Amino acid sequence: SVMAMDMAKKMAFLFGEVGMEPQRAFAASVVQGLRNAIRRELVDFGTMTAMGNCQTSQAMALHYGIFEESEKPTAFARLLDFVHEAGDRMDLGVLGGRVIFHVLAEHGCADLAWKMAVEQGHPSYGDLARRGATTLWESFYPENAHWAPPSLNHHFWGDISAWFIKAVAGISVAPVGGGLACEIKPAFVTALKDASAYHVTPVGKIASAWKREGDEITLTLEIPEGMSGRIVLREGYAFTDGETAKPAVSGSYRVIRIK
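How each quantity is defined
- Residues numbered from 1 in each chain as written.
- Predicted model: local features only at pLDDT ≥ 70, side-chain atom pairs only at ≥ 80, totals over all residues.
- Heavy atoms only, no water.
- Helix = DSSP H or I, 4+ residues; strand = E, 2+ residues; numbered from the N terminus.
- Rg over C-alpha atoms; globule rule 2.2 N^0.38 Å.
- Contact = heavy atoms within 4.5 Å.
- Areas by Shrake-Rupley, 256 points an atom, 1.4 Å probe, with all protein chains shown as cover.
- Lys, Arg positive; Asp, Glu negative; His and termini not counted.
- Charge placed at Lys NZ, Arg CZ, Asp CG, Glu CD.
- Axes fitted to C-alpha atoms, helices over the stretch in contact; angles between N-to-C directions.
- Parallel < 35°, antiparallel > 145°, perpendicular 65-115°, else oblique.
- Left-handed = near helix turned anticlockwise from the far one by under 90°.
- Nonpolar A, V, L, I, M, F, W, Y, C, P; charged D, E, K, R; others polar.
- Pairing = 2+ DSSP bridges.
- Disulfide = S-S within 2.5 Å.

## Points about the overall build of the protein
1) Next: In terms of regular secondary structure, the protein is built from nine helices and eleven strands.
2) Next: Scaling as 2.2 N^0.38, a compact globule of 259 residues should have a C-alpha radius of gyration of about 18 Å, and the protein matches this with 20 Å.
3) Next: C-alpha atoms of the protein, sized along the principal axes, occupy 55 × 45 × 35 Å.
4) Next: Pairs at least 24 residues apart make up 49% of the contacts formed inside the protein by residues separated by at least 6 positions.
5) Next: By element, 56% of the accessible surface of the protein is carried by carbon and sulfur atoms, the whole surface being about 13700 Å².
6) Next: For the protein, the separation between the mean place of its 25 positive charges and that of its 29 negative charges on side chains is 1 Å.

Laid out in structure tokens, this is it:
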């Protein structure tokens, strides 16, 4: 239901962009109807828990907008409960794997997301890499298992690369007013000394790199000429002039931790 709602939401946007108003209105009504049904039938508002009581269902409900803003803090606390119950490890399927790291980073837990993805033993991406994986395996199976995943090249788990680019390096791009706009919102993961990524858009390459230098972080950006956008620092960080947001233009910026 959540995935169908998300698809309808995307269709409503696309229909609106090409001027197909009846189709946009219909798709928007599908979104609202599905969201209402999901909230009515699949959410326990006493605990702000999505039906399924697991990392996947809770992360998907948060990521796809099932909860209202006022409900999100309690709903996110429930997600953390599920993560901690699993020993701060992944305990989910591929649909949960596409969203949980983004949700954790957006709620100020990028360090936990990094730990789950790459620092832990089984199950994690880091565990597969340690065992020699150079592709994405279909299953996070234990090392001493008497079976192997059917596929050793399973791109369904590939959203982790998007997380590195969108969350750690902080590059997001969205259409606006017939053009493109970017938001640069890096997560300065404590375990990392530096990070860099780029994304090639129809109007040029966006590149973001950050590096720790003592108590400061240097953020260096390459923004295509004519592209609008902004830099947004996550909670706990500010530019050296005290601001937490600036227009995104090519150049270097000094960032400090304020908490």
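Anyway, onward from the coordinates.
## Let's talk about the packing of helix H3 (residues 55–63) against helix H4 (residues 72–85)
1) Next: Two elements in contact, H3 and H4, have axes whose closest approach is 9 Å; the angle formed by their N-to-C orientations is 155 degrees. Classed by the angle they form, the pair H3 and H4 counts as roughly antiparallel. Here H3 runs over H4; the crossing is left-handed. Of the residues in H4, those in contact with Gln55, Gln58, Ala59 and Leu62 of H3 are Lys72, Ala75, Phe76, Arg78, Leu79, Phe82 and Val83.
2) Next: Of the residues that constitute the contact of H3 with H4, the class distribution is seven nonpolar, two polar and two charged.

## Description of the sheet that holds strand S6 (residues 204–213)
1) Next: The strand order across the open sheet built from five strands is S5-S6-S7-S11-S9, with neighbouring strands paired in antiparallel fashion. The sheet is open, and its two borders are formed by strand S5 (194–201) and strand S9 (237–239), each paired with just one other strand. Looking at each pair of strands side by side, their axes are set apart by 25 degrees on average, direction ignored.
2) Next: Here three bridges tie S9 to strand S11 (residues 251–257), and the two strands are oriented antiparallel to one another. Paired with Ala238 across the two strands is Ile256, which belongs to S11.

## What to know about the state of the cysteines
1) Next: Considering all chains together, one arrives at zero disulfides under this definition.
2) Next: Note on Cys54: no disulfide assigned, nearest cysteine sulfur contributed by Cys109 at a separation of 18 Å.

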